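# Topology and contacts: notes
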Amino acid sequence: MTAHTSRTITWDEASARRMERQFLARPAERGTPVAEVAGAMLGAHAQVLSAAEVSVGVRAAGLTRADVRAALWDDHSLVKTFGPRGTVHLLPAAELPLWCGALTAIPTGPSAFPPDVRVTEEQAEQIVAAIGDALDGVCLTVEELGEEVVARTGPWAGDRVMPAFQDLWPRWRQVVHRAGQSGALCFGPNRGRKVTYTRPPAFEPGAVSGQTALRELVRRYLSAYGPAAPRHFAKWLAAPAGWAVSLFRELAEAGEVEEVAFEGEAAWVVAGDAGFPEGQVRGVRLLPYFDAYAIAAQPRESLFPGEAYRRGLAGGQAGNFPVLLVDGVVAGVWHQRRQGRRTTVTVELIGRGLTARQERELGEQAERVGEVLEARAELVVGKVTVGPHA
C-alpha cells in the first residue's frame with residue numbers, strides 16, 4: 001500500500017486514546033453492563049477465568065467476579081467460547097453473529113497434524129454439525145460430548161490419535177475451536193472440576209457474511225487499538241500477514257480506513273477517527289494474565305520499553321505475565337496468591353521507582369484487584385519468583 005499519510009500520531013497520543021476506550025484511563029461507571037466492558041476490549045481472554053474476571057473487573061467501578069459470572073451463567077449476556085487466535089475468550093452474546101462470521105472467514109494454513117491424524121474438510125464439517133446437534137439444550141462434559149459425536153459420525157472420530165499433554169485425544173477434538181468459532185459450541189458452567197460445553201444462543205447461520213463481518217472487525221480493532229498496521233491485526237488474530245494487507249487495501253480503496261504515520265511507519269485508523277488526546281496518559285494500572293490491552297496494543301517494543309521487554313514477555317509473547325502499567329507503559333510484573341479470603345499481590349518494579357502518588361495509586365489498584373476477586377488484598381513490592389503463566 002502506498003503511503004499517503006495526512007498526520008503523525010505519537011505513542012503518547014495513541015496510548016491515551018487506547019486506554020480511554022479500554023476503560024483503563026477511567027473505569028466505566030458503576031452499573032455499566034459487563035458485556036459492554038468486554039465488548040470494548042474486543043473480548044477478554046479466559047483460558048484462566050479468574051484472569052478474565054480481573055480484566056473486566058478493573059475496567060468498571062464496583063464490578064466483581066460475581067457480576068462476570070452472573071453475565072455468563074445467569075443472564076447469558078456473555079459467552080465463553082473460542083475467539084481470536086482460537087483461544088478461549090469472553091465475548092458479548094449479542095456480538096456472536098459478528099464474531100462467528102469474521103472468524104470463520106479467516107483463511108487457515110495446512111493442518112499441523114500428520115496425515116494419519118488430521119481430518120478432511122468434509123469430516124471437520126461433519127464433526128462441527130454433530131457437536132451442534134449434540135449440545136442443543138444440554139451441557140455435556142468432553143467425554144459425554146465425545147460419545148455423542150462418535151455416535152453421529154462414526155468410530156473414526158473417536159480414534160485416539162491426537163497428541164496432547166502426554167496423552168492421546170480422540171480425533172474429533174482437533175476441531176473443537178472451529179465448532180466454537182462457528183457458533184455450534186460454547187462453554188457451560190463447570191460440573192465439579194469438569195468443564196462442560198453447551199450451545200450458545202441461536203442466531204441465523206450466515207446472519208453476517210464473512211466479508212462484512214471482517215470489515216467491521218477491522219473497524220472495531222482500529223477504533224480500540226489503532227493506529228495499527230495490517231501485520232498487527234494479523235498477529236492479533238493469528239491470521240496470514242499477506243491476507244491482512246489485502247483486507248486493509250480493500251478497506252482503504254473503499255474509503256473506510258485512512259493512513260497515518262505512527263512510530264516511524266505507516267499505520268491505519270478508521271476513516272474520520274483520527275482525533276487523539278494531547279499529552280501523556282497518567283496513572284498506575286494492574287493488568288492480569290493475557291489482558292486484551294497487553295496483547296493487542298502495538299508496537300510491543302513501545303509498550304514494553306527497555307528491560308520490560310525481557311522481563312515482561314515470554315520470548316516476545318505478551319500475556320504470560322501480569323503487568324504493571326505506569327503512565328501507559330509496562331514498568332513491572334506482578335503475581336497474586338490467594339489464601340481463603342485474602343490475596344497477596346506481589347509487584348516487581350522494572351528499572352524505575354515510583355513517586356509518592358504512584359505508590360498510593362498502586363496500593364489502590366491492589367485493593368481493586370482484591371475487590372474484583374472478593375478478597376482482601378495485601379500489597380508486597382518485591383521480586384516475583386514464579387515463572388510465566390504461573
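What comes next concerns the included structure. Since the structure is predicted, the reported quantities are computational estimates derived from the model, not experimental observations.

## What to know about the nonpolar core
- If you look at the biggest cluster of nonpolar residues, it comprises 106 residues, and the most contacted ones within it are Leu-145 and Phe-233.
- When residues of this core are assigned to their parent elements, the largest contribution, eight residues, is made by helix α9 (residues 210-225).
- Setting aside residues no more than four positions away along its own chain, Phe-233 makes contact with Leu-217, Val-218, Tyr-221, Trp-243, Ala-244, Leu-247 and Phe-248.
- With 16 residues, the next largest nonpolar core counts Val-58, Leu-324, Val-326 and Trp-334 among its residues.

## With respect to the packing of helix α1 (residues 11-21) against α9
- Remark: α1 packs on α9, axes separated minimally by 7 Å, with the N-to-C direction vectors making an angle of 115°. Put simply, α1 runs roughly perpendicular to α9. On the side of α1, the interface is formed by Arg-17, Arg-18 and Arg-21, while α9 contributes Leu-222, Ser-223, Ala-224 and Tyr-225.
- Tallied by class, residues from the contact of α1 with α9 come to three nonpolar, one polar and three charged.

## Looking at the packing of aromatic side chains
- The full count for this structure, using the stated rule, is eleven aromatic pairs.
- Both rings, one in Phe-165 and one in Trp-169, keep their centres 5.8 Å apart while their planes meet at 45°; by these two values the pair is tilted.
- With a relative accessible area of 74%, Phe-165 lands in the exposed category.
- Ring centres of Tyr-221 and Phe-233 lie 5.2 Å apart, and the angle between their planes is 65°; on these two criteria the pair is classed as edge-to-face. Of the two residues, Tyr-221 is situated in helix α9 and Phe-233 in helix α10 (residues 230-237); the sequence distance between them amounts to twelve residues.

## Focus: unusual backbone geometry
- Cis peptide bonds are those with omega within 30 degrees of zero, and the linkage from Gly-226 to Pro-227 qualifies with 0°.
- Of note, the bond from Gln-298 into Pro-299 is cis; its omega dihedral lies within 30 degrees of zero at 0°.
- By secondary structure assignment, the location of Pro-299 is in the loop between α12 (292-296) and α13 (300-303).
- The backbone of Phe-23 sits at a positive phi, close to 60°, despite the residue not being glycine.
- Assignment of secondary structure puts Phe-23 in the loop between α1 and α2 (34-40).
- Of note, the phi angle at Leu-42 is positive, near 60°, even though the residue is not glycine.
- Within the element layout of this structure, Leu-42 appears in the loop between α2 and β2 (44-45).
- Judged by relative accessible area, Leu-42 falls into the buried class, the value being 5%.

## With respect to the state of the cysteines
- Enumeration according to the criterion identifies zero disulfides in this entry.
- Considering cysteine sulfurs only, Cys-186 is the nearest to Cys-100, which forms no disulfide, with 9.9 Å between them.
- Looking at Cys-100, the relative accessible area reads 6%, which means it is buried.
- There is no disulfide at Cys-186, and the cysteine sulfur nearest it, in Cys-139, is 7.9 Å away.
- Under the relative-accessibility criterion, Cys-186 is labelled buried at 5%.

## Here's the deal with the environment of Ala-228
- Looking at the element boundaries, Ala-228 is found in the loop between α9 and α10.
- The spacing of Ala-228 and Ala-244 is 16 residues in sequence and 12 Å in space, taken between C-alpha atoms.
- Other than its neighbours up to four places away in sequence, Ala-228 contacts Tyr-221, Leu-222, Phe-248, Ala-267 and Trp-268.

How each quantity is defined
- Residues numbered from 1 in each chain as written.
- Predicted model: local features only at pLDDT ≥ 70, side-chain atom pairs only at ≥ 80, totals over all residues.
- Heavy atoms only, no water.
- Core = buried A, V, L, I, M, F, W, Y, C linked by side-chain atoms within 4.5 Å.
- Buried < 20%, exposed > 50% of the residue type's maximum accessible area, 1.4 Å probe, protein only.
- Helix = DSSP H or I, 4+ residues; strand = E, 2+ residues; numbered from the N terminus.
- Contact = heavy atoms within 4.5 Å.
- Axes fitted to C-alpha atoms, helices over the stretch in contact; angles between N-to-C directions.
- Parallel < 35°, antiparallel > 145°, perpendicular 65-115°, else oblique.
- Nonpolar A, V, L, I, M, F, W, Y, C, P; charged D, E, K, R; others polar.
- Phe/Tyr/Trp six-rings, centres within 6.5 Å; stacked < 30°, edge-to-face > 60°.
- Disulfide = S-S within 2.5 Å.

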